Amino acid sequence: MAVRRLGKVLGIIGIVLLLLVVVVASYGAWTVRRSFPQTAGEITLQGLTGTVDVLRDDRGVPHVYADTPEDLFFAQGYVHAQDRFYEMDFRRHITSGRLSEMFGKSQVDTDKFLRVSGWYRVAEREIPLLSAETRRNLDSYTQGVNAYLADHSGATVSLEYAVLSLTNKSYTIEPWTPVDSVAWLKAMAWDLRGNMQAEIERSIESSIVGTARTAQLFPPYPYSRHRAIVEQGAVVDGTWDQGAAAGQQAVASKMPATPAEAVPALLRTGAAVAGVDAVLGPNGSGIGSNSWVISGDKTDTGKPLLANDPHLAPMMPSIWYQMGLHCRVVSAQCPYDMAGYTFSGTPGVIIGHNQTVGWGFTNLGPDVTDLYLEKVVGDTYVVGTTTKPITKRTEVIKVAGGDDVSITVRETEHGPIVSDVSDELTTVGKDAPNGLVAPPQGDGYAVALRWTALTPARTADAINDLDTAQTWDQFRTAASEFTVPAQNMVFASTDGTIGYQTPGQIPIREGYDGKYPAQGWDPKQRWAGYIPFDALPNVKNPDDGWVVTANNASVYQDYPYFITDDWSYGARSQRITDLVKLATSGTAKMTADTMRTIQFDTWNENASFLVPRITGAKVSGATADAVKTLSAWDFTQPADSAPAAYFNVFWKNLLLDTFGDELPADYLPDGGDRWFTVVRTLWDNPRDPWWDDVTTKDKVETRDDAVVRALDEATTELGGLQGSDPSGWSWGKLHTLTVQNQTLGKSGIGPVEKLFNRGPITTSGGGSIVNATGWAPAKGYAVTWIPSMRMVLDFSNLDASTWVNLTGASGHAFNSHYVDQLDAWQNGTTYPFAFSAAAVQAAAKDHLVLKPA
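This report concerns the structure included in the present document.

About the thresholds
Residues numbered from 1 in each chain as written. Predicted model: local features only at pLDDT ≥ 70, side-chain atom pairs only at ≥ 80, totals over all residues. Heavy atoms only, no water. Salt bridge = Lys/Arg side-chain N within 4 Å of Asp/Glu carboxyl O. Helix = DSSP H or I, 4+ residues; strand = E, 2+ residues; numbered from the N terminus. Buried < 20%, exposed > 50% of the residue type's maximum accessible area, 1.4 Å probe, protein only. Pairing = 2+ DSSP bridges. Contact = heavy atoms within 4.5 Å. Axes fitted to C-alpha atoms, helices over the stretch in contact; angles between N-to-C directions. Arc of directions from axis to C-beta. Disulfide = S-S within 2.5 Å. Phe/Tyr/Trp six-rings, centres within 6.5 Å; stacked < 30°, edge-to-face > 60°. Lys NZ or Arg CZ within 6 Å of the ring centre and 35° of its normal.

Comments concerning the pattern of salt bridges
In step 1: Taken as a whole and judged by the stated rule, the model has 36 salt bridges.
In step 2: Among the ionic pairs, Asp83 bridges to Arg56, the shortest N-O distance being 2.9 Å. Of the two residues, Asp83 sits in helix α2 (residues 69-95) while Arg56 sits in strand β2 (residues 52-56), which places them 27 residues apart along the sequence.
In step 3: Given the relative accessible area of 4%, Asp83 is considered buried.

Encoded structure:
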């Protein structure tokens, strides 16, 4: 699943001294604390029809009890606003393209792209499509948020508003709307959109080094070593039948050539996409999740166990908000009794369980975006032998401290013309290679974006229907509404049923393969529909007795529809699979403790392959001593591991030395399991051209030369960072995590960031490891994505389930629940996940009563 890095988008540098003097000295502790919510006693609110109880445990996690859906979701909105409204406000300004209203002219370019893309407009069109129940819940939630805002403003809502007022005195918090809630799903869809960047990368690299050498960098999924999620079943008469015979023949994709003249344009296109990711978080094959579910036949209790830990960008506060939502009497009129992880700003539970079933997500990563080149003639665009009118509208961007900016948004049948607000994408249109059927290029083409999330859909209904599902069939009905972002969905029930479902709107392409921008003037290059839901892979009570998903291939490659070629390569999924098999072999049974241990597993598949092959390298001196640290290593990566530190520094240098001399700077290896597979494949050809350093003109290096060089570099680098004694080296001291506030925490000014950020802390794990604390070799060892939460559900007794969040329930700096779960997250421990009324009552530390006026 994901989320949300603001990057260098704030115009606050000039207020730093004022911030330190005014906020810290003048406002002091009073300013900091006056936004802390009331969590005990009574509050009378206009809009409630009955009394609502909010019970919070010792970590501030609330459980809400009400008699009607209206009061339940009203209270959820109120409590979300108590703890997280600044986060909610920031999110809605992203999705509506209104960041400039908060942060000034630095955000105009970002707002232009978001306005042209039209996320918020699509959300507005989705509201009428939703069920009456979903609309009711959205309305009630909105009333609850606004009830909180009725009595709170500015710094009484959150400390960030006190800071914001120093440069934007005119900023006023607006009432919440149902569209604000729905629009956040568009941001999540962008964050988990699939492989646009990989397609650009593949095209650029093929033009530089040729298609054959690029194919080495995008090897086929290793089905022989890493199994797919679903390996039983087939599509029969248009419907998936899990009992039908399946084939598993892996076939490499044929990759087209890219003309050299297209490289500069494609590089700029990649930069434009990266600019959006700077606001919403990193995107790529390394960003994923783990989930798995075990049948009761293989557990010690006789009931299923389900684990989930989505991998997303670290942020303060965590993207997730833990919560329980309970009708006091569950009935057809009030069917809600669920708990789990919510999004502040959105009603319902996103990942979790109700009284009967539970579910978890990992990113499927289907190819659901395409760029279309459009030949524009005046106010029309060419399609075949005719022209069609371009649709236009005007958008006005209000800018704090500056003049309004007016833009004209143009759209074709394929989508919004994003090149109108992006110089980079305009150049893509100008420079892009045209085929024999293309019209004259002239000054270039416009570039339109086609993306499944820009078609109004009912994903918000899916959340409501998941929350109330009681059976496998009802779960699948909810999954059929989960159009975007498409997620691998695992399922378990107290009746013993387990299962898996692939959902989503996944396009069927005709006339092109999606690896190049499509030619909009060619009517044969089109989306011919979507893969039917009934044909998507799914399995109920699989023969294996378990399902493992970790962004690996969802199904064997003979599946008749194209989902994507850019899966994660399965290092995490196969490690989980192997550990599940070990824990359930013979008469052994899986336990909840073992599930939790697996979530924190740090074994490095890449090291298990490379270390036996590099320890015999011909090195000497300090490097020989350093290599000895690998001799007895078990390939795990706890924070205090010296061999993990040495291996990862070696791995970074091996990748950058081997590939960095030929690949563009923006497309250097990310170090994940695609690169595990690349290097493994190259290993048996020690004279492959990739091993050669092309910057040395008088020598052709081999694999062994590259290994010795990287080992020497690692020894020197670690010696400089952590001393000359290898026994004192520590992976965690290199591999640190700083959890940053989404806005002020990224100001670049240390004293300001210390107010809102926490860390750095040492971490274990690494990229493409089950404990997936990712890092980017070209940028150092700091953690760039993380398990954003960890959850294990026990269906023999839901009160025996456990969970942990990255930070805490509160979004208020210096609140006791701002970061009170970070230590447990860091150490791989979890907390009891109370669910029953008795367990919630026993764990309660605060009791707030919301009463109708």
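Digging into the sheet that holds strand β16 (residues 391-397)
In step 1: With antiparallel pairing, the 3 strands of this open sheet are ordered in space as β16-β17-β18. The open sheet has two edge strands, β16 and β18 (415-416), and neither has a second partner.
In step 2: The sheet contact formed by strand β17 (residues 405-412) and β18 spans 2 bridges and is antiparallel. Paired with Thr412 across the strands is Gly415, a residue of β18.
In step 3: Seen against the sheet, helix α4 (residues 108-117) touches β16, β17 and β18 and runs at an angle of roughly 145° to β16.

Some details on helix α18 (residues 621-628)
In step 1: Within α18 the residues assigned to the buried category are Thr623, Ala626 and Val627. One face of α18 carries all of its buried residues, which in axial projection span an arc of 100°. Turned more than 90 degrees off the buried face of α18, the exposed positions are Ala622 and Lys628.
In step 2: Buried residues along α18 sit in contact with α19 (642-659) and α21 (703-722).

Notes on the state of the cysteines
In step 1: The full count for this structure, using the stated rule, is 1 disulfide.
In step 2: One disulfide in the model links Cys327 with Cys334; its S-S distance is 2.0 Å. In this structure, the disulfide formed by Cys327 and Cys334 twists by about -80° around the S-S bond and is classed as left-handed. Side by side, Cys327 and Cys334 carry an identical accessibility label, which is buried.

Regarding the pairing of strand β14 (residues 380-383)
In step 1: Of the pairings in the sheet, the one linking strand β13 (residues 376-377) to β14 comprises 2 bridges and is antiparallel in character. The residue bridging Val377 from the neighbouring strand is Thr380, located in β14.
In step 2: Linkage of β13 to β14, two consecutive antiparallel strands, is achieved through a turn of 2 residues, within which Gly378 is found at a positive phi near 65°.
In step 3: Linking two consecutive strands that pair antiparallel, namely β14 and strand β15 (residues 386-389), is a turn of 2 residues; a positive phi of about 65° is found at Gly384 within it.

Re the environment of Gln143
In step 1: One can find Gln143 in helix α6 (residues 132-150).
In step 2: Sequence spacing of Gln143 and Trp176 is 33 residues, and the spatial spacing of their C-alpha atoms is 8.0 Å.
In step 3: Contact partners of Gln143, with chain neighbours within four places excluded, come to Gly47 and Phe74.

Notes on the sheet that holds β13
In step 1: Read from one edge of the open sheet, 3 strands run β13-β14-β15, paired in antiparallel fashion. The sheet is open, and its two edges are formed by β13 and β15, each paired on a single side.
In step 2: Here β14 pairs with β15 via 4 bridges, running antiparallel. In the sheet register, Val383 faces β15, and the bridge partner there is Thr386.

Focus: the packing of aromatic side chains
Given two aromatic rings, their pairing is described by the distance between the two centres and the angle made by the two planes.
In step 1: Counted by the stated rule, this structure contains 37 aromatic pairs.
In step 2: Ring geometry for Tyr161 and Tyr171: centres 6.3 Å apart, planes at 10°, overall stacked. Residue Tyr161 is found in helix α7 (residues 159-164), and its partner Tyr171 is found in the loop between α7 and α8 (178-191); the two are separated by 10 residues along the sequence.
In step 3: Accessibility expressed as a relative area gives 5% for Tyr161, which makes it buried.
In step 4: Look at Tyr372 and Tyr512: their rings are 6.1 Å apart centre to centre, the planes differ by 70°, and that puts the pair in the edge-to-face class. Of this pair, Tyr372 sits in strand β12 (residues 369-374) while Tyr512 sits in the loop between β22 (507-510) and β23 (518-519), and the two are 140 residues apart along the sequence.
In step 5: For Tyr372, a relative accessible area of 0% gives the class buried.
In step 6: One aromatic cluster in this structure is built from Trp320, Tyr341, Phe343, Trp803 and Phe833.
In step 7: Lying over the aromatic face of Tyr831, Arg59 brings its terminal NZ or CZ to 4.0 Å of the ring centre.
In step 8: Residue placement shows Arg613 over the ring face of Phe609; its charged tip is 3.9 Å from the ring centre.

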